[in-house]
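As a plain string of letters, each chain reads:
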Amino acid sequence: MGFPIDSKVLGLRDIIKERYRIPIYQRPYEWAEKNINDFLNTIFEAFSTKNEVDARKYAKSVFFGTIQFNKETKDDNILDIVDGQQRLTTFLLLLDVLQKEIIKTHPKEKNNDYSNTIDSEELKKVMSETQIKKVSSKYSKNKEQLRKATSEYYEQEFKDKTNFYSELKDFVLDNIYFVILTTEEMDLPEVVSVFNTINTTGLDLNATDIFKLRYYNYLRKIDDTDNWMKEIANCYKLIDDSNNALGVGGRKDQTEFNMSWVLDIYKHIICAEFGWGFSEVSKSNEKFFDELFKGDKLTEQSDLSVLEFDTFKHIVEEFIKYWRWIEDVRYDGTHHEIAKEIFSIYMVEKTRYKRYWTIPFVVAYFKAKGKGWSDYYIDSLRVNMYMFRFFLIYTVVNDRVINSVQNKVCEECFKWFKKDSTNKIIENIKDMLWSPVRSKDHEPKEDFYTTIKSGLFYNASRVRLVCTLSGLLDEIANLGESFICQGNEIVISEQEIYEKFFHYAIYEKNKNPYDIEHIRARNNFSDNSDEFNGIGNLIVLDSHINKSIQDNTVSEKITEYKNSQYAAVRIEFMKEYESLGDWDIEAVRKRAKKEIEKIESFMNET
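Residues numbered from 1 in each chain as written. Predicted model: local features only at pLDDT ≥ 70, side-chain atom pairs only at ≥ 80, totals over all residues. Heavy atoms only, no water.

Student: Talk me through the nonpolar core; I want residue IDs and the actual numbers.
Tutor: Phe312 and Met387 are the most contacted members of the largest nonpolar core, which totals 145 residues. Counting contributing residues, this core receives three or more from each of domain 2 (209-442) and domain 3 (451-604). Apart from residues no more than four positions distant in its own chain, methionine 387 is found in contact with Ile359, Val409, Cys413, Phe417, Ile429 and Met432. Formed by 48 residues, the second largest nonpolar core is a distinct cluster that contains Leu93, Ile102, Tyr139 and Tyr165. (Core = buried A, V, L, I, M, F, W, Y, C linked by side-chain atoms within 4.5 Å. Buried < 20%, exposed > 50% of the residue type's maximum accessible area, 1.4 Å probe, protein only. Domains from an automatic or database assignment. Contact = heavy atoms within 4.5 Å.)

Rendered as structure tokens:
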């Protein structure tokens, strides 16, 4: 028999005559603001191009890639959307927006109902609303963005056109085309194989979707009696449920995560379990799990329990609990004694070796041995704190990532995580901290402190890491202290520190909530430039203050320094400046000595 795939080119008007559903292996609708902007720009650009023969027509057609559907049986009157969910849903939202604008000015116009095209109660609810409500739903957010952008486009370009919304709607229906591929009565892995083969830049499946399908196929080969796709989808739902529960009590500090976070951890756990090195760890999640479940490497393993569904589900559940615990402890300030360990989670991501943010979760998995991870939260964070020190050293000593460090982690540390006690792991890490990872390396300890003292600013990655660490240590040293900042009392707490250094919501609004400031401006020194570019003359400072003071003298900057929210400036530096007076090279050297002693104390902590 022939290959059961039907291929044709269809316009949007014909496509939306059918009914579709979103299969369980698909992720939810999640297009972001940039996706919507790109989508609309493509449509608006084509709509604005008038036909030279007839100025009343907009004849430029737009190809929007491939959409893949699957019909489970010949008698099905509803199609599964394999690839194209994000695009098709957005077109339906746009048509709904245009339809409602048309009805406002032409109440007798036929009101086409697009809400039944895709079988989704949430989409149907959003499209049935006469006014867009302020809710967190992606459907609602994107519908509002589509409405606002279309309205602005009308005001700017077509305000004299009374039938603008009708013409734009007809253009979208008649001039948007897709290549439609429909498979019929094919097994799910075969459907995905077709998707992988014809996949275009309109990619709707991502690594987590591919994992879901590959893992399903793997489990089905072992035991075809269970509904594995439903079980796997329930694990994804656990993450969605955790994200949907955020914001209780007005909290805005918690992070939305997705399955890709879990897959990072799962990949590292699998590599540690099977003794696989950096060549496997370095692969993308999509490539790693694709090769894992399709290849023959698993035949070499005698124990595949790490791939059992119960193990995967356990990792998902325990990761969610662990991450939310970290956020709660930071928010409540219930464990001052492990403040540094809590922040090590975020500091690892500022090193060149941020792929290893997974370490505390990997350690907790192996220590718990199938039980709950909660008894090992603090121990695994202690391990992470020492691993951060290791990554810190080689981020400072080298100008780039070196694979010798990654080989050390994958070939040695992963073995320790799997087999050794927490105290033994920490002893092993302490032994390797200052040991060269390459035979050609000199003394890392000497290089580390020399680099911090002189010329630190010459490399953006290391200067931000070291100065952030210095500022963070000052904050932690002053936990519970208070000071006045711009008329407001600031009490230093773990949550307040998190918001100043790591809160992602702040990063979205301001890419750099703090800058690395030259206390004595670079334009104001010529001699001893290496030392003025070292830790003695560098400090974290609020971005808005740094921009306002520019290259002022230190005595002129002091007034603004007093308004800083950072303890490193408002408390520690002000004490130093008051005792030293003029900020010359000797003052820089004294502060460098003090800063290096602070970092040495941190590096030597037990």
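Student: Can you break down the packing of helix α13 (residues 309-332) against helix α15 (residues 359-368) residue by residue, with the values?
Tutor: Running from N to C, α13 and α15 cross one another at 125 degrees; their axes reach a closest spacing of 11 Å. Classified by the interaxial angle, the pair formed by α13 and α15 is oblique. Of the two elements, α13 crosses α15, and the hand of that crossing is right-handed. Between α13, through Thr311, Ile315, Phe319, Tyr322, Trp323 and Ile326, and α15, the contact on the second element is made entirely by Pro360, Phe361, Ala364 and Tyr365. Its residues assigned to classes, the contact of α13 with α15 shows nine nonpolar, one polar and no charged. (Axes fitted to C-alpha atoms, helices over the stretch in contact; angles between N-to-C directions. Helix = DSSP H or I, 4+ residues; strand = E, 2+ residues; numbered from the N terminus. Parallel < 35°, antiparallel > 145°, perpendicular 65-115°, else oblique. Left-handed = near helix turned anticlockwise from the far one by under 90°. Nonpolar A, V, L, I, M, F, W, Y, C, P; charged D, E, K, R; others polar.)

Student: Can you tell me about the side chain of asparagine 546, naming the residues and giving the values?
Tutor: Relative to the elements of secondary structure, asparagine 546 occurs in helix α24 (residues 543-549). Residue classification places asparagine 546 among the buried positions, given a relative accessible area of 17%. Within the structure, the side chain of asparagine 546 is placed 2.9 Å from the side chain of aspartate 515, a separation counted as a polar contact. Excluding anything up to four places from it in sequence, asparagine 546 contacts Asp515, Glu517 and Leu541. (Polar contact = N/O pair within 3.5 Å; in protein donor to acceptor, adjacent residues only side chain to side chain.)

Student: Break down the sheet that holds strand β1 (residues 5-11) for me, citing the residues and quoting the values.
Tutor: Neighbouring strands of a sheet are bound in pairs by backbone hydrogen bonds; such pairs are parallel or else antiparallel. Reading across from one edge, β1-β5-β3-β4-β2 is the order of the five strands in this open sheet, with mixed pairing throughout. Two strands bound the open sheet, and with one partner strand each, they are β1 and β2 (20-21). Sheet topology note: the strand β3 (residues 62-71)/strand β4 (residues 79-83) ladder contains three bridges and is antiparallel. Bridge pairing in β4 links glutamine 68 to aspartate 83. The strands that helix α3 (residues 85-105) touches are β2, β3, β4 and β5 (176-184); relative to β3, the one it contacts most, it runs at about 110 degrees. (Pairing = 2+ DSSP bridges.)

Student: Can you explain the domain arrangement of the protein? Please cite residues and give values.
Tutor: What the domain assignment reports for the protein is domain 1 (5-200), domain 2 (209-442) and domain 3 (451-604). On the side of domain 3, 25 residues touch domain 2, which itself brings 28 residues to the contact. A combined buried area of about 2500 Å² lies between domain 2 and domain 3, and 68% of that area is made up of carbon and sulfur atoms. Among the residues of domain 2 in contact with domain 3, Phe343, Lys350 and Val396 are the three that bury the most area, contributing 26% of the side total. Linking domain 2 to domain 3 there are one salt bridge. We note a salt bridge from aspartate 399 to arginine 462, for which the minimum N-O separation is 2.5 Å. The interface formed by domain 2 and domain 3 includes nine residue pairs in polar contact (both at pLDDT 80 or more). Of all elements in the fold, only α13, α14 (339-348) and α16 (377-397) reach the threshold of two or more residues within the side of domain 2 that touches domain 3. (Buried area = accessible area lost by both parts, 1.4 Å probe. Salt bridge = Lys/Arg side-chain N within 4 Å of Asp/Glu carboxyl O.)

Student: Run through the packing of aromatic side chains, naming residues and quoting values.
Tutor: In the structure shown here, the tally under the stated rule is 70 aromatic pairs. Plain terms: the ring middles of tyrosine 561 and phenylalanine 573 are 5.6 Å apart, the flat faces sit at 80 degrees to each other, and that makes the pair edge-to-face. Highlighted residues: tyrosine 561 in helix α25 (residues 554-561) and phenylalanine 573 in helix α26 (residues 567-580), separated in sequence by twelve residues. On the basis of relative accessible area, tyrosine 561 is assigned to the buried category, the value being 0%. Residue phenylalanine 573 is classed as buried on the basis of its relative accessible area, which comes to 0%. Ring pairs connect the aromatic residues Phe211, Tyr215, Tyr218, Tyr266, Phe274, Trp276, Phe288, Phe289, Phe293 and Phe312, which therefore count as one cluster. Lying across the ring of tryptophan 276, lysine 297 places its NZ or CZ 4.2 Å from the centre. (Phe/Tyr/Trp six-rings, centres within 6.5 Å; stacked < 30°, edge-to-face > 60°. Lys NZ or Arg CZ within 6 Å of the ring centre and 35° of its normal.)

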